[in-house]
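# What the coordinates show
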Amino acid sequence: MAAEWAGMGYLLFTLVFMVCVWSQLPNITDMLVLRGGYVAATLAAWAVYRHYPCKLTLFLRILVQMIFLSWWYPDTYELNRVLPNLDHVFAQWEQTLFGCQPSLLFSQKVPYGWFSELMCLGYVSYFPLMLVVYLYYFLRRYEEFQMAAFVMLGSFFAYYVVFVLLPVTGPQFYYLAVGTEKIAAGIFPNLGDWFLTHSERMAAPGWSDGFCYHLLDITHDAGERPTAAFPSSHVGVTTVLMMLALRTKSWKLTGGMLPFYLLMCLSTVYIYAHYAIDAIAGLITGILIYYVLCALYRAKGNGQKQKMGLR
């Protein structure tokens, strides 16, 4: 299926990158095991579907690809940390554009516990929103389910390619490494290969005793790495999800997702996860990626019809 080809394409890209920097990779064995496991799981899900073709086995076939996203994300750090860090460039752009560091000041200007909880809620709604769209297409728009799966997975892989090639960690890692006093003074040193061996991050601001704050902490502890800052895939992928929701013309689905989407766009800056330019870039690229992937899927479908002699 198209979604599986997207995953295999990303796998091939990472293998080529690994060959180019082979001697610099510290965890090469684990990385190869991950890729072997991904191929085995994909082929196993395909084999089950071939023997028992039905909606359930198709659902599980795509679900395998979704589950592996939680492994592919930290893997971008294993790859991009061999490259020089670029946070000093993006922090300087942020300063030039806004005259300050919005991520540093946002939580200081709005220090209220209830607002902190809303921000944390928006951020942790990332995967639940994805699951909602996934299930909606499977249950209510099954004829477009494979298209939706391809667009969702393809958007992740598109961002992961950028993250591998563009090593930007974001404020929560860069600010801690440099020191917030220097950041506030507009000093943005080049850290070089600092994040090759350092992965400490700042604690998120806000009400540390809040329920959503604890959910955010659990999420960060489980998989956060100094990687994937520009553009914000949280904003980008949820923008793709909103476009898919709009496509259904279900105003209940779209209206139910909209508040979480808006909170997501704000929260990425509030909790130090991203620079403001990351969130803006995520919004723009999310829209572009949605239309490009939909066009690719249509082209693939038309190509298959022509091969079969259909019009």
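In this text, all values refer to a predicted model and were calculated from it rather than measured experimentally.

Take a nonpolar patch on the surface next. Taken together, the side chains of L97, F98, I280, L283, I284, I287, L288 and Y291 make up a nonpolar region of the molecular surface, amounting to roughly 750 Å² of accessible area. When residues of the nonpolar patch are traced back to their parent elements, those giving at least two are α4 (87-98) and α14 (276-307). At 6 residues, the largest contribution of residues to the nonpolar patch is made by α14. The residue L97 is located in helix α4 in this model.

Summarising the model, the protein shows a mean pLDDT of 93, and 97% of its residues fall at 70 or more. Below pLDDT 50 for its whole length, residues 305-311 participates in 2 contacts with residues either more than four positions away or in separate chains.

A ring pair, where both rings are aromatic, is described by two values, the distance of the centres and the angle of the planes. According to the stated counting rule, one finds 31 aromatic pairs in the structure shown. When the ring of Y10 is compared with that of F13, the centres are 6.0 Å apart and the planes differ by 40°; the resulting orientation is tilted. Here Y10 pairs with F13, and both are found in helix α1 (residues 2-20), just 3 residues apart, close to one helical turn. Given the relative accessible area of 2%, Y10 is considered buried. Considering the side-chain rings of W114 and F115, the 5.7 Å spacing of their centres and the 90° angle between planes classify their relative orientation as edge-to-face. Under the relative-accessibility criterion, W114 is labelled exposed at 57%. Of the residues examined, F115 reaches a relative accessible area of 14% and is grouped as buried. We note K55 situated over the ring of Y142; from NZ or CZ to the ring centre the distance is 4.6 Å.

Turning to the nonpolar core, a few remarks are in order. Within the largest apolar cluster, 78 residues are counted, with the highest numbers of intra-cluster contacts made by W72, V151, M152, Y160 and L244. Residue contributions to this core peak at 14 residues, all from helix α8 (residues 145-165). Ignoring any residue separated from it by four or fewer positions in sequence, one finds L244 in contact with V133, Y137, M147, A148, V151, M152 and Y290. In terms of nonpolar packing, the next biggest core, distinct from the first, is built from 17 residues, Y175, L191, Y272 and I277 among them.

Cut-offs and rules
- Residues numbered from 1 in each chain as written.
- Predicted model: local features only at pLDDT ≥ 70, side-chain atom pairs only at ≥ 80, totals over all residues.
- Heavy atoms only, no water.
- Patch = residues over 30% accessible without salt bridge, like charges linked within 9 Å, V, L, I, M, F, W, Y side chains within 5 Å.
- Areas by Shrake-Rupley, 256 points an atom, 1.4 Å probe, with all protein chains shown as cover.
- Salt bridge = Lys/Arg side-chain N within 4 Å of Asp/Glu carboxyl O.
- Helix = DSSP H or I, 4+ residues; strand = E, 2+ residues; numbered from the N terminus.
- pLDDT = per-residue confidence, 0-100.
- Contact = heavy atoms within 4.5 Å.
- Phe/Tyr/Trp six-rings, centres within 6.5 Å; stacked < 30°, edge-to-face > 60°.
- Buried < 20%, exposed > 50% of the residue type's maximum accessible area, 1.4 Å probe, protein only.
- Lys NZ or Arg CZ within 6 Å of the ring centre and 35° of its normal.
- Core = buried A, V, L, I, M, F, W, Y, C linked by side-chain atoms within 4.5 Å.

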